[in-house]
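Tertiary structure, described
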Amino acid sequence: MTASSPPADPAAELLPATRRALTHRIAVGQAEGRTPSLAGAVVRGGRQVWYGARSMLEGHEPDADTQYRIGSLTKTFIAVLVMRLRDEGLLDLADPLGRHLDADASVNATIAQLLSHTAGLASETPSPWWERSPGRLRPGLADILSPPRHPAGRLFHYSNPGYGLLGALVGRLRGHGWEEALRREILDPLGMTRTTTSPEPPHAAGLMAPAGELWSTAADLCRFAAFLLDGDDRVLAAATLAEMRAPASPPGDDAWASGYGLGLQLFRQDGRVLYGHSGSMPGFLATLCVSPADDVGGIALANVTAGPDIAGIATGLVAIVADHEPRAPARWKPLPEVDQALLALTGLWYWGPRAYALRLLADRDLELSPVSGRGRASRFRAEPDGTWTGLDGYYTGETLRVMRGADGVAGHLDLGSFVFTREPYELDAPLAARPDPEGWRAFHGD
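A brief look at the structure comes next.

What counts, and at which threshold
Residues numbered from 1 in each chain as written. Predicted model: local features only at pLDDT ≥ 70, side-chain atom pairs only at ≥ 80, totals over all residues. Heavy atoms only, no water. Patch = residues over 30% accessible without salt bridge, like charges linked within 9 Å, V, L, I, M, F, W, Y side chains within 5 Å. Areas by Shrake-Rupley, 256 points an atom, 1.4 Å probe, with all protein chains shown as cover. Salt bridge = Lys/Arg side-chain N within 4 Å of Asp/Glu carboxyl O. Helix = DSSP H or I, 4+ residues; strand = E, 2+ residues; numbered from the N terminus. Pairing = 2+ DSSP bridges. Axes fitted to C-alpha atoms, helices over the stretch in contact; angles between N-to-C directions. Expected span 1.5 Å × (residues − 1). Buried < 20%, exposed > 50% of the residue type's maximum accessible area, 1.4 Å probe, protein only. Parallel < 35°, antiparallel > 145°, perpendicular 65-115°, else oblique. Left-handed = near helix turned anticlockwise from the far one by under 90°. Contact = heavy atoms within 4.5 Å. Nonpolar A, V, L, I, M, F, W, Y, C, P; charged D, E, K, R; others polar.

**Re a nonpolar patch on the surface**
Side chains of L335, V338 and L343 sit close together on the surface and give an oily, nonpolar patch of about 190 Å² of accessible area. Take L343: it is sitting in helix α10 (residues 340-343).

**Section: the sheet that holds strand β2 (residues 47-55)**
Judged by pairing direction, the sheet is antiparallel, and its seven strands sit side by side in the order β2-β1-β9-β8-β7-β6-β5 without closing on themselves. In the strand order of this sheet, the two ends are held by β2 and β5 (258-260), each with one partner. Sheet twist, expressed as the average angle between the axes of neighbouring strands with direction ignored, equals 20°. Bridging between strand β7 (residues 272-281) and strand β8 (residues 284-291) involves seven bridges; their strand directions are antiparallel. Across the sheet, the residue bridging to S278 is T287, located in β8.

**Brief notes about helix α2 (residues 74-87)**
Between its first and last C-alpha atoms α2 spans 20 Å; for 14 residues at 1.5 Å apiece the expected length is 20 Å, and the two agree. For α2, the tally of buried residues reaches 13 of 14 residues, placing the bulk of the element in the interior. Looking one or two residues past α2, G89 carries a phi angle of roughly 80°, positive in sign.

**Examining the pairing of strand β12 (residues 366-370)**
Of all five residues in β12, four are buried, a share of seventy percent or more. As judged from the five bridges shared by strand β11 (residues 354-360) and β12, these two strands associate in the antiparallel manner. Along β12, the bridge assignment pairs L360 with L366. Where β11 hands over to β12, the hairpin turn is made up of five residues, of which D363 adopts a positive phi near 60°. Pairing of β12 with strand β13 (residues 378-382), which is carried by three bridges, proceeds in the antiparallel orientation. In the strand pairing of β13, E367 is matched with R379.

**Points about the pairing of strand β1 (residues 37-44)**
Of all eight residues in β1, eight are buried; the element is thus mostly enclosed. Of the two faces of β1, the one holding S37, A39, A41 and V43 and the one holding L38, G40, V42 and R44 are both buried throughout. Where β1 meets β2, eight bridges bridge the pair, whose relative direction is antiparallel. Considered in β2, the bridge of A41 is made with Y51. Between β1 and β2, which pair antiparallel and follow one another directly, the connecting turn spans two residues, one of which, G45, has a positive phi of 65°. Two elements, β1 and strand β9 (residues 296-302), share seven bridges in a ladder whose sense is antiparallel. Counterpart to A41 in the pairing with β9 is I299.

**Observations concerning the environment of D339**
Position of D339 relative to the elements: it lies in the loop between α9 (310-324) and α10. Residue D339 is classed as partly exposed on the basis of its relative accessible area, which comes to 33%. Counting along the chain gives 25 residues from D339 to R364, while the straight-line C-alpha distance between them is 8.3 Å.

**Side note on the packing of α2 against helix α4 (residues 160-174)**
One way to put it is that α2 packs onto α4 with a least axis distance of 10 Å and a crossing angle of 40°. Considered as vectors, α2 and α4 are oriented oblique to each other. The interaxial crossing formed by α2 with α4 has left-handed handedness. Contacts between α2 and α4 pair K75, I78, A79, L81, V82, R84 and L85 from the former with N160, Y163, L166, G167, V170, L173 and R174 from the latter. Along the lines of polarity and charge, the residues of the contact of α2 with α4 split into nine nonpolar, two polar and three charged.

**Here's the deal with unusual backbone geometry**
Residue P201 is joined to P202 through a cis peptide bond whose omega torsion reads -5°. One non-glycine residue with positive phi stands out, namely R34, at about 50°. Secondary-structure assignment places R34 in the loop between α1 (16-33) and β1. Judged by its relative accessible area of 73%, R34 is exposed. The phi dihedral of R364 falls on the positive side, at around 70°, and the residue is not glycine. Its location among the elements puts R364 in the loop between β11 and β12.

So far we have only geometry, and geometry alone does not tell us how the molecule works.
Structure below.
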């Protein structure tokens, strides 16, 4: 999604049965969770297509403009600001934090480790717990840090102070507070006028600000969900968002039901992987999640400390829409123009005796995948220098080169040093692809 949003698609409107199922899910969540109010919303096609709410008082349901505190969902906003700094060349994710900020206990942790909660930092600040501290003095960095609990980079250990450090990092590199950076770089471009650092009426009743300070509304979070689905060149490119979604650490549970990327939680439910974040502050619960494969996002907000499965409700809203009204595949269209030299590269290539098919995609991109069975399949982005870069799978980030002979004919493909030839084990192929001197032969067991 670029600076100008696409026109509304009538096909994005939900069917009555789907809307009924969504309304029922909110009603069940409010009743079973014993919550004063519960609000939900759905995004599809880049915009809000449904909103529903249930209150303990009939006729007093909050509307989509009512603020709720969103807790740790704030972390995703901070992560977007950090990734903007990376994309601008002001930092590298591999930089130790101490290169940019004086933070004693975490100086050996990298920015990527802080984003992914693998820095080994404590979950909370030294006592008293920051949410119950008097708050008379603005804490310094030393006041929010306990000694590290684990070696940096070894495992996932959720850390609120880690995001306090990232907020300080944004402020240091921008020259003004993270709150101002948030307004200028995310909220204003996306039109999120009802997302604030303190409550503004109407809001639901109910110094670690970068970890969980923000208040927002269902309508505003729909705008943010649309951004997380498609990107927005004014804020962050879609390619960077895809990088943030990649798991950065093991999930920490045997079922692989959840995980964490760079400021984004991963939710796995019934074979569907969603991305977003949950939030919990005294008196409030929130979850935003999106499914890029289905082009659907779900938001759930409640003004209660505990009770409803808020993450399950948000992911359930996505599942209802995706299952009731599955996304139609993109129309097949022939490529408008085909480079004949590039087309000549397509077809069968062999890694040893294993057959792979090379296919031409739009914009001179390529796809390489095994003809049968499991194997290393990847898509490749065309580069200006005549090479291709892997976009997914085993070959992510690796370079694909066409190696040509003196006559200009493609002799073999070099993919991160792996050799693919036109025939299985060609005798005149590079050494790595040659057969045994006695010839290519099968092995037979006794």
